Amino acid sequence: RYMKSIVVVDSVMLGEDQLARLRKLGHLVVYDRPPADRTQLMIRISQAHVLLVSEAVLDRAMIEHAENLEMISLWSSGFDHVDVRAARERGIAVCHAPGCTTDAIAEHTIAVALYFLHKLGEADRHVRGGEYAWDRFITPELRAQTFGVIGLGRVGTQVAQRARLLGSKVLAHTRSPQKAEEVGAVAVDLETLLRQSDIITVNLSLVPE
């Protein structure tokens with residue numbers, strides 16, 4: 001029977017069970033490293049019916065080059081690296097994984113805030129250098145800080161909730177003041193947030209606005 005061509009374009013982490021399922025669906029080709037340049041990317045996608053993509057940029061020229069393409073499956077929550085309009089014009093389905101990294105990004109955001117607030121990098125180098133001038137590293141606690149969250153989507157909501165649990169006052173700039181109230185934040189305009197926040201986190205989709 002006719003086999004669809006399924007190409008894993010770059011560093012998509014798939015387990016053996018997932019690879020086995022894909023092999024049942026078509027002829028599978030897996031590339032475990034990103035393409036070196038556009039020419040190499042064009043070669044990889046040229047005959048594919050289905051693409052699994054991590055970070056490769058599929059602009060209009062790339063999509064038009066892949067004449068057999070029927071589906072682009074993204075190993076990410078974002079899809080700004082794919083020209084969705086060009087895909088739609090050709091009837092190509094574009095799938096992504098919204099929310100797949102929400103908790104990880106929210107935790108990382110709080111971790112980075114703590115890292116800079118408590119000068120952890122500087123303190124680590126200081127102690128490894130054989131010194132212990134602890135008074136240089138007396139820093140404010142997170143509960144004494146005002147945490148400004150720009151955008152209360154999936155990630156922004158989780159960041160705001162975690163900051164609140166750690167005792168911070170949270171200001172939020174969002175299109176939905178009700179959402180701010182639900183997470184225990186105070187909805188404010190952007191200028192107020194920038195002026196009053198000690199820590200600011202930006203959690204917005206990459207759109208022209």
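In this report, the structure presented in the accompanying data block is examined. Since this is a predicted model, take the numbers as computed values, not measurements. (Residues numbered from 1 in each chain as written. Predicted model: local features only at pLDDT ≥ 70, side-chain atom pairs only at ≥ 80, totals over all residues. Heavy atoms only, no water.)

It is worth spelling out the layout of surface pockets at this point. Of the pockets and cavities examined, the largest pocket occupies roughly 1,200 Å³. In terms of lining residues, the largest pocket is bounded by 32 residues, among which Asn 203, Leu 204, Ser 205, Leu 206 and Val 207 are the most central. Elements represented by at least two residues in the lining of the largest pocket include exactly α5 (102-117) and α7 (154-165). Among the elements that take part in the lining of the largest pocket, α7 stands out by supplying 3 residues, more than any other. Looking at the lining of the largest pocket, its residues break down into 13 nonpolar, 14 polar and 5 charged. The calculated volume of the second largest pocket comes to roughly 300 Å³. In terms of lining residues, the second largest pocket is bounded by 14 residues, among which Leu 14, Gln 18, Leu 22, Leu 52 and Ser 73 are the most central. (1 Å grid on protein atoms, 1.4 Å probe; cavity = no way out; pocket = protein on both sides within 12 Å on 5 of 7 lines; lining within 4 Å. Points joined across faces, edges and corners; volume = space filled by probe spheres on them. Helix = DSSP H or I, 4+ residues; strand = E, 2+ residues; numbered from the N terminus. Nonpolar A, V, L, I, M, F, W, Y, C, P; charged D, E, K, R; others polar.)

Our focus in this paragraph is helix α2 (residues 38-45). Of all the positions in α2, only Leu 41, Arg 44 and Ile 45 are classed as buried. Within α2, the buried residues cover an arc of 85° as seen down the axis, which keeps them to one side. More than 90 degrees from the buried face of α2, the exposed residues found are Thr 39 and Ile 43. On its buried face, α2 sits against β1 (4-8), β3 (50-53) and α3 (60-65). The residue sitting at the N-terminus of α2 and contributing the capping side-chain oxygen is Asp 37; that oxygen lies 3.2 Å from the backbone nitrogen of Thr 39. (Buried < 20%, exposed > 50% of the residue type's maximum accessible area, 1.4 Å probe, protein only. Arc of directions from axis to C-beta. Contact = heavy atoms within 4.5 Å. Polar contact = N/O pair within 3.5 Å; in protein donor to acceptor, adjacent residues only side chain to side chain.)

A word on the sheet that holds strand β9 (residues 199-202). If you trace the 4 strands from one edge of the open sheet to the other, you get β8-β7-β6-β9, paired in parallel fashion. The sheet terminates laterally at β8 (186-187) and β9, the two strands that pair on one side only. Strand direction decides the pairing type here: strand β6 (residues 146-150) and strand β7 (residues 169-173), joined by 5 bridges, are parallel. Bridge assignment links Phe 147 to a residue of β7, and that residue is Val 170. Across the face of the sheet, α7 comes into contact with β6, β7 and β9 while running at roughly 170° to β6. (Pairing = 2+ DSSP bridges. Axes fitted to C-alpha atoms, helices over the stretch in contact; angles between N-to-C directions.)

Relative orientation of the contacting elements α5 and α7 amounts to 45°, with a least axis distance of 9 Å. Between α5 and α7, the angle falls in the class oblique. Crossing angle aside, the handedness with which α5 passes α7 is right-handed. Facing α5, whose interface residues are Thr 102, Asp 103, Ile 105, Ala 106, Glu 107, Thr 109 and Ile 110, α7 presents Arg 154, Val 155, Gln 158, Val 159, Arg 162 and Ala 163. (Parallel < 35°, antiparallel > 145°, perpendicular 65-115°, else oblique. Left-handed = near helix turned anticlockwise from the far one by under 90°.)

Let us now look at the nonpolar core. In terms of nonpolar packing, the biggest core is built from 19 residues, with Val 9, Ile 45, Leu 51, Val 53, Leu 58, Ile 63 and Ile 72 touching the most fellow members. Those elements that place two or more of their residues in this core are α2, β3, α3, β4 (71-74) and α4 (84-89). Filtering out sequence-adjacent residues up to four positions away, Leu 58 remains in contact with Leu 41, Ile 45, Leu 51, Val 53, Ile 63, Ile 72, His 81, Val 82 and Asp 83. Counting residues in each nonpolar core, the second largest holds 18 residues, with Ile 110, Ala 160, Val 170 and Ala 180 among its members. (Core = buried A, V, L, I, M, F, W, Y, C linked by side-chain atoms within 4.5 Å.)

Each strand in a sheet pairs with another by means of backbone hydrogen bonds, the pair being arranged parallel or else antiparallel. Pairing is parallel in the open sheet, where 5 strands are placed in the order β2-β1-β3-β4-β5. At either end of the open sheet lies a strand with only one pairing partner, and these are β2 (26-30) and β5 (93-95). When strand polarity is set aside, the average angle formed by the axes of neighbouring strands in this sheet is 15°. Here β1 runs beside β2; their pairing, made up of 5 bridges, is parallel. Looking at β2, one finds that Val 8 is bridged to Val 30.

Keep in mind that these numbers describe shape and distance, not what the molecule does.
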